[in-house]
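Structural description and commentary
The residues making up each chain are set out below.
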Amino acid sequence: MPSSSRFNSFKHAFAGWGYVLRTQPNAKIHALISVAVIIVGLWVELNRYEWALITIMAVIVWMGEFINTALEAIVDLASPQIHPLAKIGKDVGAAAVLIAAIAAVVVGLLILGPPFVAKVITLFSMKG
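The rules behind these values
Residues numbered from 1 in each chain as written. Predicted model: local features only at pLDDT ≥ 70, side-chain atom pairs only at ≥ 80, totals over all residues. Heavy atoms only, no water. Phe/Tyr/Trp six-rings, centres within 6.5 Å; stacked < 30°, edge-to-face > 60°. Helix = DSSP H or I, 4+ residues; strand = E, 2+ residues; numbered from the N terminus. Buried < 20%, exposed > 50% of the residue type's maximum accessible area, 1.4 Å probe, protein only.

Considerations on the packing of aromatic side chains
Applying the stated criterion across every chain, the model contains four aromatic pairs. Judged by centre distance (5.7 Å) and plane angle (10 degrees), the ring pair of phenylalanine 14 and tryptophan 17 falls under stacked. Highlighted residues: phenylalanine 14 and tryptophan 17, both in helix H1 (residues 4-23), separated by three residues, approximately one helical turn. Considering the side-chain rings of tryptophan 17 and phenylalanine 66, the 6.4 Å spacing of their centres and the 70 degrees angle between planes classify their relative orientation as edge-to-face. You can see tryptophan 17 sitting in helix H1 and its partner phenylalanine 66 sitting in helix H3 (residues 48-78), a full 49 residues away along the chain. Taking the relative accessible area as the measure of exposure, tryptophan 17 reaches 42% and is therefore partly exposed. With relative accessibility at 27%, the residue phenylalanine 66 sits in the partly exposed group. Taken together, Phe14, Trp17, Trp62 and Phe66 form an aromatic cluster joined through their ring pairs.

Encoded structure:
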């Protein structure tokens, strides 16, 4: 049976996850894109190595979003008033998520793009 502190660790982690999903507009976008990528990946029948790369990229984006949200909360706590260094901290955190998202899009297009286009062409050629 798990110890109470282990249970509390998971409870706090899920609370943080819930906070991000409830309060961060970009997390909602990441969630929609994640679901779309999973659906397309199933449709084009990715192999396990392709799924591994897609999963790694999605996790990197999600981790960036979670860390950025934590950074923003800490900066707001440490510097409730507007400060140039607080702005830099928040901007750099947001840039990290942006870089991860761009990389995920590139990897997603490289992996999903060709089989997706082939499936769409096949669908339209069957109807015509």
